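Breakdown of the fold
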Amino acid sequence: MSEPLNEPTPQEDAERIRLKRLAKLQNAPPVTPAASTSTPTPPPQPKPTPKPVVSSAPKRAVDPKTLLPLDVNAWEHDAIGHILNVTLDRNVAEKSGYEIVWLKHLAIELEAENPQQTLIRLNGEVVDRLLIARLEINPSVMTDDTEYIVVIASLPPQQTTFEYLVGCWKRLNATRSALTKKGYSPVDLQDALNRLEKVRELIISYTGLTLQEPDMFPQPQGRPLGAPELVAPLLSLSALSAPLLGSSTSSPNTLTPSDIELFLQDLTRRFEPDNEIDGVLGPVVSQLLHHESLFRPEGLLGGDAAWRGVIGGLEALVSVKGIAVMITRLEDWIPLEATAATFERASLMGPLCRLGIFGREWPAIAQAYFSEPDKRSRDDVESSNASLRGTLKSLQSSLFQIFNSLVRASPESREAVLEYFARVISLNNRRAGMQIDPETVASDSFVVNLQSVLLRFAEPFMDANYSKIDRIDPLYYARSNRIDLKEETRIKATSEEAAEWEQAQQDPNAPAPNFVSNIFYLAVALSHYGILHTITSFLDLAKHVDEIQRHLDLLNGDGSWMGTPMQGRTEAAINATKTELAKIRMQQLAYESQLLDPELVFRSIGFTNFLSTWLIRQAEPIKKHPNPPAPIPLPQDVPMSFRVLPEYILEDIVDYLHFVTQYSPDKFELSGKTELLVFVLTFLNSTWYIKNPFLKSKINDVLFFGIWGYGRERNGLLGNMLNTHQLALKHLMPALTNFYIEVEQTGASSQFYDKFSARRNIAYILKVVWDNPTHREALKAEAARNVDKFVRFVNLMINDVTYLMDESLGDLTQIHNIQQEMEDQATWNAQTQQHRRDREGQLRTLERHASGYTSLGRSTVELLKVFTAETKEPFMMPEIVDRLAAMLDYNLHALVGPKYRDLEVRDREKLKFDPKALLSDILQVFLNLSDQEAFIKAVANDGRSYSQELFERAAQTAIKRTLKTEGEIQQLRAFVAKVEECKLMLEAEEDLGEVPDEFLDPLMFTVMRDPVILPSSRAVVDRSTIKSHLLSDSKDPFNRVALSIEEVIPDTALKARIDAFLIERRSKPAAESNEMDTT
């Protein structure tokens, strides 16, 4: 007998290794080998597992007379030889040119064991020995057996054990297919199929072991072994990733795309019991999902589209339920040691989910698609967007399909998926903070992709009729620990109140929250920590662009640096700034491509509106909204179940609506307008439900952005609804007047400036709806129903006009002076360069301020104009009318008085200054109130700015500029005549001579007519004065203690003395006049 073909080791060692392999296969302890190598090797007996379902032969209507006989034993002999490509007969090998492998040494063993048999049959009893004998042949080790050299030389070069077993598996499938197509008797056919399945189980068993321990049998050098051998065919499942694999021609020993599914099913059936599959396919999954193509800088831009291969391979894996469950069981499904920043690289799904197009993570994509942004046309940008969005849609759709397969695989895998999302949320709660280092949290691409998956999961329960909204558990936060709210601000509850409420909701018998509730609340949380922070990053880029542009303007200056020694340095700085500006603009375009992707926006709007409807449902008493709709306003008593909700629910609704109404309002055209309107009107009319003043203001902003024109919609997405929808016709006016008052005191350090922005928006909204008589009637009804509130509203409007006009006209005067200085070239050039730079900087600052103030002032004057035309009584209240008249006179004096030329500035449009329109509006207010005696008296009483000449100059200007009709000019002059007449009467009445100090109002220095005592400071003021003060400030002006008008104490004794004083002084001039006449 020739020497053994394995590596030269002692005979017993070789036998021991062989038996150890068999023992591993059958999960039995190793067996001590016998001394003789001729001892029969017991066949491997895998531990009991559920038998694979062996399909019977296809049932056909076959005539029994036509059934063919089948010698199952002979067929089995031939089939096993063909499947394993082996023989025990040298002649068979020679005839095939040794393509069929002659197992010489096993043949000798079997002949020794069965000396009476002339032909050793290949059957189930020896198939395991056949397979082992074939796998143990090492083609790299030569032999002295001259008969066997040709066998070794004829083996396929560089073929791995896995490839050989795949070839066996494929030949087995072909054999089975051919068998079932023959017309054999059902009994014989089923017998043959059963024998074939035993061979399949053995082949699959060895394949699994090879994937786990590729060094178990001799292997070629320099070839990837084990898990990579299955990863490669998995990557081939995407046609677009084929270049990754080189030649696309298939080998009889290679898994083709059509083989993968059945191959994975066979592996799963064999190794799924007792989770053996974890060791077999776990490394395959890990290597596939951490494929190097997912970490290339070009990401989705890769020319070979290798990431699609990863997607295709993973889709094939999760299509088999056993593998899907196994994936969520692996240690790296949720790596416990991973941080917020590393989780997306360390977790199994992370590398795929982090693919995207945002500039910080994937700068190469922004560079490739949006380079030189200033030179790109809109069509060019849209073409790039279409390409990128198509790629993102493919990625995100596949990610959802994968997660959906995992969810549907088993209850355990569903929980694992929910835990995956929950882990991402808990790791990234810092993403919602301000000025967070992006390197310490998850990337924007990662969280946006996960958000898109959750939004798709949410779609089934977000039907148009809200029929499934009851499936969302309102007690989820109290009964689930999946989302931690300990550090979160609540809508209107303290941490202690929230903890107490949650404790009261505990019920050990309550069922665990359902899948719908989990998806809903996880989507809400991930939106807060994920996409909304991404939107903030995008909006910050716009601010950055503005800052860089201002810096660029500063560098350019007036060009005086040209031709000086500073030219080179200045030009270099300008070019560097332009490069930085282009880089930021590229990032902006990349963000827009994803964040404004129509599909993502539609889904986000749908979820946001569903969430807003659910939130109103939690606020109303019967919790049935929208069937029937909640009352507006909501009840005064805010339910605790609403108060303890995390504030970010409300914040996220407002922030996303704030974003999408500005950047993508057209996406509401299909649906969502009604929900948007209901949400805004509900909470603007029920502001006591919200503690955060910024959120209230943002809701007002959303309404404002809703009437911005876009495309062919001149009045924006809500403009028409505000004039037609019954809710708007009934509740818009109360909402706007209420909020106009409430925004005066926000408690924020920036409240002084915030209120002007909010009120400008209100003025713009009112302008849009003012032509609707229903809204005007609603305003009248509001003024009549709550006089005190409306008077306060009017007072604040007058305060705003006073301040804004004063600031804007003052800034315009300074701008005029600097521009005049610059026009005198000789004097200007004589100044130092630093002086010129300082003045230019001052000019730019003034221009920015003035444009804001003039815009706000003009909108408030317009508001005053339309309100005084519709309802006059509130403006005639004693605490209002004098201040209104003085303010109007003062601004009229500024526009047409002796110094009106100080307001002549260049670029009026840039500064949003239209003096003609402003003059026309102010004159219209005078005309609107010209028939009111109290107003005539108040104008006449204004000793600071009023003069008959001023009004005549204004009338002449209005005629010259055609600002008013001839009839209106006559009306204005008639008003002035009345004022003059009243002025004479007042002067006669008020010649009181020396007035005692105790009769004078300490704030206005006028004679008090109705003195009152303030309860805490004990100061005495006129009732009209303190009422006017309290309209703007609810504190005692002398000691800042809280005060209301109901608390003041009438000083009747002082009033009696003042009245007597006035009677005495007014009668004295008459007596003196009579005495003179007598003389």
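Rules of the game
Residues numbered from 1 in each chain as written. Predicted model: local features only at pLDDT ≥ 70, side-chain atom pairs only at ≥ 80, totals over all residues. Heavy atoms only, no water. UniProt positions renumbered as here; feature names shortened; annotations may be inferred. Helix = DSSP H or I, 4+ residues; strand = E, 2+ residues; numbered from the N terminus. Rg over C-alpha atoms; globule rule 2.2 N^0.38 Å. Contact = heavy atoms within 4.5 Å. Areas by Shrake-Rupley, 256 points an atom, 1.4 Å probe, with all protein chains shown as cover. Lys, Arg positive; Asp, Glu negative; His and termini not counted. Charge placed at Lys NZ, Arg CZ, Asp CG, Glu CD. Salt bridge = Lys/Arg side-chain N within 4 Å of Asp/Glu carboxyl O. Patch = residues over 30% accessible without salt bridge, like charges linked within 9 Å, V, L, I, M, F, W, Y side chains within 5 Å. Buried < 20%, exposed > 50% of the residue type's maximum accessible area, 1.4 Å probe, protein only. Axes fitted to C-alpha atoms, helices over the stretch in contact; angles between N-to-C directions. Nonpolar A, V, L, I, M, F, W, Y, C, P; charged D, E, K, R; others polar. Pairing = 2+ DSSP bridges. 1 Å grid on protein atoms, 1.4 Å probe; cavity = no way out; pocket = protein on both sides within 12 Å on 5 of 7 lines; lining within 4 Å. Points joined across faces, edges and corners; volume = space filled by probe spheres on them. Polar contact = N/O pair within 3.5 Å; in protein donor to acceptor, adjacent residues only side chain to side chain. Expected span 1.5 Å × (residues − 1). Bend = angle between axes of the 7 residues up to and from the residue. Phe/Tyr/Trp six-rings, centres within 6.5 Å; stacked < 30°, edge-to-face > 60°. Lys NZ or Arg CZ within 6 Å of the ring centre and 35° of its normal. pLDDT = per-residue confidence, 0-100.

- Under an unreviewed UniProt entry, the name given to the protein chain is RING-type E3 ubiquitin transferase, and the organism recorded is Roridomyces roridus.
- Within the UniProt record for the protein chain, the comment given under Sequence similarities (unreviewed entry) is "Belongs to the ubiquitin conjugation factor E4 family."

**Overview of the overall build of the protein chain**
- For the protein chain, the count of helices and strands is 44 helices and five strands.
- Relative to the 2.2 N^0.38 estimate, which gives 31 Å for 1079 residues, the radius of gyration of the protein chain is 44 Å and therefore markedly larger than a compact globule would have.
- With respect to the three principal axes, the spread of C-alpha positions in the protein chain is 170 × 80 × 55 Å.
- For the protein chain, the proportion of contacts with a sequence separation of at least 24, taken over those separated by at least 6, is 76%.
- Carbon and sulfur atoms provide 52% of the accessible area of the protein chain, an area that totals close to 49800 Å².
- Here the protein chain contributes 116 positively and 147 negatively charged side chains, and the mean placements of these two sets differ by 3 Å.

**Overview of the pattern of salt bridges**
- Within this structure, the stated rule accounts for 61 salt bridges.
- Salt bridges sharing partners connect three or more residues here, namely Arg90, Glu94, Lys104, Asp145 and Glu147.

**Side note on a nonpolar patch on the surface**
- A cluster of nonpolar side chains, Leu1003, Met1004 and Phe1038, forms an exposed patch at the surface whose accessible area comes to about 280 Å².
- Relative to the elements of secondary structure, Leu1003 occurs in the loop between helix 42 (966-989) and strand 3 (1011-1013).
- Classification of Leu1003 as partly exposed rests on a relative accessible area of 37%.

**Concerning the packing of helix 2 (residues 72-84) against helix 7 (residues 161-181)**
- Taken N-terminus to C-terminus, the directions of helix 2 and helix 7 make an angle of 145 degrees; their axes are 7 Å apart at the nearest point. Together, Trp75, Ala79, His82, Ile83 and Leu84 of helix 2 and Tyr164, Cys168, Arg171, Leu172, Thr175 and Leu179 of helix 7 make up the contact between the two elements.
- Each residue belonging to the contact of helix 2 with helix 7 can be placed in one class, and the counts come to eight nonpolar, two polar and one charged.

**Considering the sheet that holds strand 4 (residues 1020-1022)**
- The strand order across the open sheet formed by three strands is 4-3-5, and the pairing between neighbours is antiparallel. Strands at the two margins of the open sheet, each flanked by one partner only, are strand 4 and strand 5 (1049-1050).

**Quick word on the layout of surface pockets**
- Considering only enclosed or pocket space, the largest pocket measures out at about 1700 Å³ in volume.
- At the level of elements, helix 23 (531-556), helix 24 (567-595), helix 27 (647-663), helix 29 (693-705) and helix 32 (751-769) are the ones that each hand at least two residues to the lining of the largest pocket.
- Its volume calculated, the second largest pocket comes out at about 1200 Å³.
- Along the wall of the second largest pocket there are 37 residues; nearest its centre are Pro878, Asp882, Asn941, Thr1006 and Ser1024.
- Counting residues per element, the ones that place at least two in the lining of the second largest pocket are helix 34 (787-823), helix 37 (878-896), helix 40 (933-940), helix 42 and helix 43 (1023-1032).
- Top element by residues in the lining of the second largest pocket is helix 37. It accounts for eight residues.
- Classifying every residue of the lining of the second largest pocket gives 14 nonpolar, ten polar and 13 charged.

**Re the environment of Ser480**
- With respect to the helices, strands and loops of the structure, Ser480 is situated in the loop between helix 20 (476-479) and helix 21 (495-504).
- Spatially, the C-alpha atoms of Ser480 and Phe683 are 28 Å apart, while their sequence positions differ by 203 residues.
- Within the local environment of Ser480, its side chain forms a polar contact with the backbone nitrogen of Arg482, the two atoms lying 3.2 Å apart.

**Some points on unusual backbone geometry**
- In the segment running from His625 into Pro626, the intervening peptide bond is cis, with an omega of 10 degrees.
- Position of Pro626 relative to the elements: it lies in the loop between helix 25 (598-619) and helix 26 (640-643).
- One non-glycine residue, Asn275, lies in the positive phi region at around 60 degrees.
- Within the fold, Asn275 resides in the loop between helix 10 (257-271) and helix 11 (277-289).
- With a phi angle near 55 degrees, Lys623 is a residue other than glycine that sits in the positive phi range.
- Secondary-structure assignment places Lys623 in the loop between helix 25 and helix 26.

**Observations concerning helix 31 (residues 726-742)**
- With 17 residues, helix 31 extends 25 Å from end C-alpha to end C-alpha; this agrees with the ideal 24 Å at 1.5 Å per step.
- The largest bend along helix 31 measures about 40 degrees and falls at Leu732, with the proline Pro734 one to four residues further on.
- The buried count for helix 31 comes to twelve of 17 residues, which makes it a mostly enclosed element.
- Among the residues of helix 31, Ala728, Leu729, His731, Leu732, Met733, Pro734, Ala735, Leu736, Thr737, Phe739, Tyr740 and Ile741 are the ones counted as buried.

**Side note on a positive patch on the surface**
- On the surface, a cluster of positive charge is contributed by Arg908, Lys916, Lys960 and Arg961.
- When you line up the elements, Arg961 lands in the loop between helix 41 (948-960) and helix 42.
- With relative accessibility at 45%, the residue Arg961 sits in the partly exposed group.

**Let's talk about empty space enclosed by the protein**
- Taken as a whole, this structure holds seven cavities of 30 Å³ or more when the rule is applied.
- Considering only enclosed or pocket space, the largest cavity measures out at about 130 Å³ in volume.
- Lining the largest cavity are 14 residues, and of these Gln451, Ser527, Phe607, Thr608 and Tyr656 sit closest to its centre.
- For the lining of the largest cavity, the secondary-structure elements that each account for two or more residues are helix 19 (444-458), helix 22 (515-529), helix 23, helix 25 and helix 27.

**Points about the environment of Leu1062**
- Considering the arrangement of structural elements, one finds Leu1062 in helix 44 (residues 1052-1078).
- Measuring from C-alpha to C-alpha, the distance between Leu1062 and Leu395 comes to 86 Å, with 667 residues separating the pair along the chain.

**Describing the packing of aromatic side chains**
- This structure, assessed with the given rule, holds 52 aromatic pairs.
- Judged by centre distance (5.3 Å) and plane angle (40 degrees), the rings of Phe403 and Phe421 are tilted. Residue Phe403 is found in helix 17 (residues 378-409), and its partner Phe421 is found in helix 18 (residues 411-427); the two are separated by 18 residues along the sequence.
- Considering the side-chain rings of Phe457 and Phe515, the 5.8 Å spacing of their centres and the 85 degrees angle between planes classify their relative orientation as edge-to-face. In this pair, Phe457 is assigned in helix 19 and Phe515 in helix 22, connecting sequence segments 58 residues apart.
- For Phe515, a relative accessible area of 25% corresponds to the partly exposed category.
- Linked through ring pairs, Phe461, Tyr466, Tyr476, Tyr477, Phe520, Tyr521, Phe607, Phe610 and Trp614 together constitute an aromatic cluster.
- Looking at Arg270, its charged tip hangs above the ring of Phe271, at a distance of 4.6 Å from the centre.

**Considerations on the confidence of the model for the protein chain**
- Taken over all residues, the pLDDT of the protein chain has a mean of 85, while the share at 70 or more is 90%.
- Across the protein chain, helix 19 holds the top mean pLDDT of 96, while helix 1 (residues 11-25) sits lowest at 47.
- Per-residue pLDDT stays below 50 along residues 1-18; that stretch engages in 24 contacts with residues further than four places along the chain or on separate chains.
- This stretch, residues 24-57, has a pLDDT under 50; its non-local contacts, to residues over four places away or in other chains, come to 63 contacts.

**Some points on the side chain of Asp1036**
- Note that Asp1036 resides in the loop between helix 43 and strand 5.
- There is no salt bridge for the buried Asp1036, and the closest opposite charge comes from Arg1040, which lies 7.2 Å off by N-O distance.
- There is a polar contact of 2.8 Å between the side chain of Asp1036 and the side chain of Ser1017.
- Apart from residues no more than four positions distant in its own chain, Asp1036 is found in contact with Leu1014, Ser1016, Ser1017, His1029, Val1041 and Leu1043.

**Some words on the environment of Gly719**
- Along the chain, the position of Gly719 falls in helix 30 (residues 719-722).
- Beyond its immediate stretch of four places on either side in the chain, Gly719 contacts Gly706 and Ile707.

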